[in-house]
There are 2 protein chains.
Amino acid sequence: MDHLDVPHFLAMLILILGVARLLGAGAARLGQPSVLGELLAGVILGASVLGVVDSKAEIVHLLSELGVLLLLFAIGIETDLKRLMRVGGTAAVVAIAGVVFPFVLGYILCKSLGQPELTAIVVGASLTATSVGITARVFSELGKLREPEGQVVLGAAIIDDVIGLIILTVVAGLTGGGGVTLTKIATTTGLAFGFLVGTVLVGRVIVPRVFDFLSRTKHAGTMTSVGLILAFGLAWIAHRCGLAPIIGAFAAGLLVNETRQTEEVEHGITALGHFFVPIFFVAVGAGVDVKVFNPFDTGNHTTLMLGGLMIIVAMVSKFAAGFAPFWFKGRKSVVGVGMIPRGEVGLIFAQMGVNQGVLNPQLFGAVTLMVMATTFVTPPLLKRLLTQKGEPNKAEDGIGELVNEP
Amino acid sequence: MDHLDVPHFLAMLILILGVARLLGAGAARLGQPSVLGELLAGVILGASVLGVVDSKAEIVHLLSELGVLLLLFAIGIETDLKRLMRVGGTAAVVAIAGVVFPFVLGYILCKSLGQPELTAIVVGASLTATSVGITARVFSELGKLREPEGQVVLGAAIIDDVIGLIILTVVAGLTGGGGVTLTKIATTTGLAFGFLVGTVLVGRVIVPRVFDFLSRTKHAGTMTSVGLILAFGLAWIAHRCGLAPIIGAFAAGLLVNETRQTEEVEHGITALGHFFVPIFFVAVGAGVDVKVFNPFDTGNHTTLMLGGLMIIVAMVSKFAAGFAPFWFKGRKSVVGVGMIPRGEVGLIFAQMGVNQGVLNPQLFGAVTLMVMATTFVTPPLLKRLLTQKGEPNKAEDGIGELVNEP
C-alpha cells in the first residue's frame, strides 16, 4: 500500500473504529479494561493477520501519534500540578529504581547467557523505559487517575523519560563509538530538565493570561484549537529537547489545568480523543507479528525462550521498583504493575543495537516479545488490582472514555 | 517531502490551525465569512508561497477529505429530510438549469473562439458541477442553513452531483473513444438514484433502531463512533456507486437527524470538525498556484484572458439558474450565488480533457483559474446578500462554527 486513496482510507477507519469499539465493549463485558480489546482489534487488523492496518504506513503512524498525544494531553488536563508535585519524591524513587532494577537484572541475564559486555548493556537499557500510555488509559478508564498511585506512576513516567534520555545518550555513544563525554550527558540532561522546569514556570504565568485573552473572542471551538496548538507546540519542543513528544503534550495539559478554560478545552479534546486514541492502540496491536509465537516453527524457539526470560525480568524488576519508596502509603503493587509496560523506547534501543551489530536477531526478537507481552499483560493485571477489595467496578461505564469526568 | 515525520507533521498542524484561526478571525473582523480567511491561510501556507502545506501530500489530502466529509455530515445532521423534500422540485429545477446554462454558455464560448467540438464539450462539462462545501459552510456560519434558500442549494447540490455523474459517463465515453451506450448511462444513473433512494428508505427504518440499541450501552463516545462509521460507510458506498463521497456523508447526516441520538452525535462531530474542517479549506487554498496570476509573465496572458471569460460564464450561468424556478418565493439571487463555486469535479473533467489531448494547457489553466475564482468570490458575495436588508450580522459569533446551534 504505497499511496492510500480516500475509499481505502475510509474503509480502514471504519474497521479500526468498529472493531476497536466492538472488542473494547467485549473486553469490558469480560471484566477487562476496554483498551485490551482495542489492542486485540489491532492484532486482528494488523499486517500479520488480516492485513488491513499497516502500523508502518505513514497515515496510520501519524494518526496514532496524534492519538497518544491527545491521550496524554487529556490526562495532563485532568492532573493537578500541585498534587503531582506532592508525590514528586516518591515518583523519583520509583523512576530511579525502575531504571536501575531492570537494567541490572537484564545485564546479569545476558552475562549469564554468555553474551558480551556491550550486548548486555543494550539489553539492560532496552528494559528500562516505561511506556505510560497503556497504564494512563487503564487508570483513567477506572477513574483512578487522581489517586496517589496514579499520580506516582505519571510522575515516575516523566522522570523515567528523562533518565531514559540520558541512558540513550550513553548507549548511543558506546555502541556508535562516538564516545561518551560528560559535557554531552550534561547538555542532554540540562535540556530535558530545562524544558520541564521552563514549561511549568513560564507556562504557569503566561498560559492562563493568553487563554483568558483568547477566550474573550467567544468563537466556537477557539479554545480547543488553542489547546491543540499548545499541546502540539510543547510536544514539538519536547522532541527538540530530546524528550518524548507525549511529555510535552502532558505538560501542556498540566498548564491547561491551571486556566479558567479547562472544561471547554477538555470537552473538545475528549471528543477528538474518541476518534484518535483507538487508532493509537489499534496501531500498537497491529505492530504485533503473531508468527513469532508459532511454537511449531523451530526457528522461533530461541527467540521465544529468550523472550520468556526477558518478560520475567521486565515484570519482576518494575514491580519491585513500586516497592522502593517504602514510606509511600498507597498501594505499592499498583504502582509497580503500572510501571510494567514497555514501548517504543525499548525498541529504539534494540534497533540501535542491531544496527551497530551488537544485538543478534534472536535477541532483537526477544526484546520485541517483551514489549508486546508487557503491553498486553498490564491492563488485566492492573484492573484486577484496582478493583479488588470489593471496590465497585466502574469499568463498564468507562469504555472508550479517555478520562472519567468526576 | 516524501515521508513526513512526527515533528514536521505537528509543526504543519500548528501552522494550519493557527493561521486558519487567525485569518478566519481577521476575515470576520472585516465583515467577511471566516472561511475566506481559512482559504487565504491555505494560499499563504501553500506550495506556491511558504511551501508549508503541500495539498498533494497524502496526509494532507486524506485529512482534508475527512474535513469535508465531517462538514457535510454535520450539515446533514442539521437538515430535516422532510423540509429538504419540500423544496425538492425547486432544487431539481435549479440543478438542471445549473447544468444546462453553464454547459451551453461554455460550449458557445469555446466554439466562438474557434475550438473544436470535443474541446467545447469538455469545457462546457467542466463548468457544470457545483462544489457545495464553501456555500454550505457560509450558510452555516451565518445560521441560514435551515432557511428555504439553504435547503434549495443543498438539494440542488445533490441532484447536481447525480447529473454531473451522467455527464462524466458521457464525456468519458466521447473523449476516451469507448463510446456512449444508453445501457451505460442507465446503469450509472440507476446506481446513483438507487443509492440515494435506498439509503433514505432503508436507512430511515434501520438507523434509528440500531442507534437506539447501541445507545443503551451508555459508553462515552459510542454514538460519535457509530455516527462516524455510518458517515464513512455511506461515503464509501456513494463512491462505489460513482457519486461523490460527501453525498454519502450528507445522507448519513440526514439519517442521524431522524434518530433520538442526534444531539449526542452532533456534539462529537462538531468537536471533530473544529479540527478537521479548517484542514480542508486550507488544503483548497494551498492548491492555488499564485504564479499563474502574475501579469508580468507573458506566458500567463492567454490563460488569464481565457480564465477571465470562463469566470464570467461560470458566474453568470449559475446565477441565472437560481432564477429558473420562477415560482420560488425565497431569494433567488442567494440560491444563484450559492451555486457558483466549482471544485474538484470541474478539474476532473479538465484533467480528462488534457489526458485525451482535447484540452491544451492554456484551457486547462483557465479551468483551474475558474475553479479558484468561483471558490474565493462566493463567500463575500453570499455574506453580503445574506446579511443585507438590515438583518443582524451573526457572523462574528459564528467564526469557525460548523453549524450554528439554535
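Right above here is the structure, for reference.
What counts and what doesn't
- Residues numbered from 1 in each chain as written.
- Chains lettered and ligands numbered in written order.
- Predicted model: local features only at pLDDT ≥ 70, side-chain atom pairs only at ≥ 80, totals over all residues.
- Helix = DSSP H or I, 4+ residues; strand = E, 2+ residues; numbered from the N terminus.
- Rg over C-alpha atoms; globule rule 2.2 N^0.38 Å.
- Contact = placed C-beta atoms within 7 Å.
- Buried ≥ 20, exposed ≤ 12 C-beta atoms within 10 Å, placed from the backbone.
- Least-squares fit on C-alpha atoms with pLDDT ≥ 70 in both.
- Axes fitted to C-alpha atoms, helices over the stretch in contact; angles between N-to-C directions.
- Parallel < 35°, antiparallel > 145°, perpendicular 65-115°, else oblique.
- Left-handed = near helix turned anticlockwise from the far one by under 90°.
- Nonpolar A, V, L, I, M, F, W, Y, C, P; charged D, E, K, R; others polar.
- Core = buried A, V, L, I, M, F, W, Y, C linked by C-beta atoms within 7 Å.
- Expected span 1.5 Å × (residues − 1).
- Bend = angle between axes of the 7 residues up to and from the residue.

Q: Tell me about the overall build of chain A, and please be specific about residues and values.
A: A count of helices and strands for chain A gives 16 helices and zero strands. Radius of gyration (C-alpha) of chain A: 21 Å, near the 22 Å computed for a compact globule of 406 residues. Overall, the C-alpha framework of chain A stretches about 65 × 50 × 50 Å when taken along its three principal axes. Sequence separation of 24 or more characterises 79% of the internal contacts of chain A that already satisfy a separation of 6 or more.

Q: Got a sec to walk through the environment of Met305(B)? Specific residues and values, please.
A: Residue and element names in this part refer to chain B. By the secondary structure assignment, Met305 is in helix α13 (residues 301-321). Given 12 C-beta atoms within 10 Å, Met305 falls into the exposed group. Expressed as a C-alpha distance, the spacing of Met305 and Gly221, which sit 84 residues apart in the sequence, is 52 Å.

Q: Give me the lowdown on the relation of the copies chain A and chain B, citing residues and values where you can.
A: The two copies are related by a screw operation: chain A maps onto chain B through 180° of rotation and 0.0 Å of translation along the axis, at an RMSD of 0.0 Å. Such values leave the two copies arranged in the relation of a two-fold axis. A shared binding surface is used by both copies, with 100% of the interface residues of chain A retained as interface residues in chain B.

Q: Please provide a residue-by-residue account of the packing of helix α3 (residues 58-77) of chain B against helix α7 (residues 132-141) of chain B, values included.
A: All names here are of chain B. α7 packs onto α3 with a crossing angle of 50° between their chain directions and a minimal axis gap of 11 Å. The pairing of α3 with α7 is recorded here as oblique in orientation. As for how α3 packs across α7, the hand of that crossing is left-handed. Packed against α3, whose contacting residues are Val68, Leu71, Leu72 and Ile75, the element α7 presents Gly133, Ala136, Arg137 and Ser140 at the interface. Split into classes, the residues belonging to the contact of α3 with α7 amount to five nonpolar, two polar and one charged.

Q: Report on the interface of chain A and chain B, specifying residues and quantitative values.
A: With 40 residues of chain A at the contact, the number on the chain B side is 40 residues. Counting only elements with at least two residues in the side of chain A that touches chain B, the list comes to α1 (6-29), α3 (58-77), α10 (222-240) and α12 (262-286) of chain A. For the side of chain A that touches chain B, the leading source of residues is α1(A), giving eleven residues. Tallied by class, residues from the side of chain A that touches chain B come to 23 nonpolar, 13 polar and four charged.

Q: Talk me through the nonpolar core; I want residue IDs and the actual numbers.
A: In this structure, Phe73(A) and Phe73(B) are the most contacted members of the largest nonpolar core, which totals 283 residues. Not counting chain neighbours up to four residues away, the residues in contact with Phe73(B) comprise Ala231(B), Ala249(B), Phe250(B), Ala252(B), Gly253(B) and Ile269(B).

Q: I'd love a proper account of helix α9 (residues 182-215) of chain A, names of residues and values included.
A: Residue and element names in this part refer to chain A. The end-to-end C-alpha separation of α9 is 46 Å, in line with the 50 Å expected for 34 residues at 1.5 Å each. Of all the bends in α9, the largest measures some 50° and sits at Gly203. Inspection of α9 places Ala192, Phe195, Leu196, Thr199, Gly203, Val207 and Phe211 among the buried residues, and these make up the whole buried set. If you follow the buried residues of α9, they end up packed against α8 (148-176), α10 and α11 (245-257).

Q: Which residues make up the packing of helix α10 (residues 222-240) of chain B against helix α12 (residues 262-286) of chain B, and what values do they have?
A: Residue and element names in this part refer to chain B. In the contact formed by α10 and α12, the axes pass within 8 Å of each other and the chain directions differ by 80°. One finds that α10 runs roughly perpendicular with respect to α12. Contacts from Met223, Thr224 and Gly227 of α10 reach α12 at Glu264, Val265, Gly268 and Ile269. A breakdown of the residues in the contact of α10 with α12 according to their chemical character gives three nonpolar, three polar and one charged.

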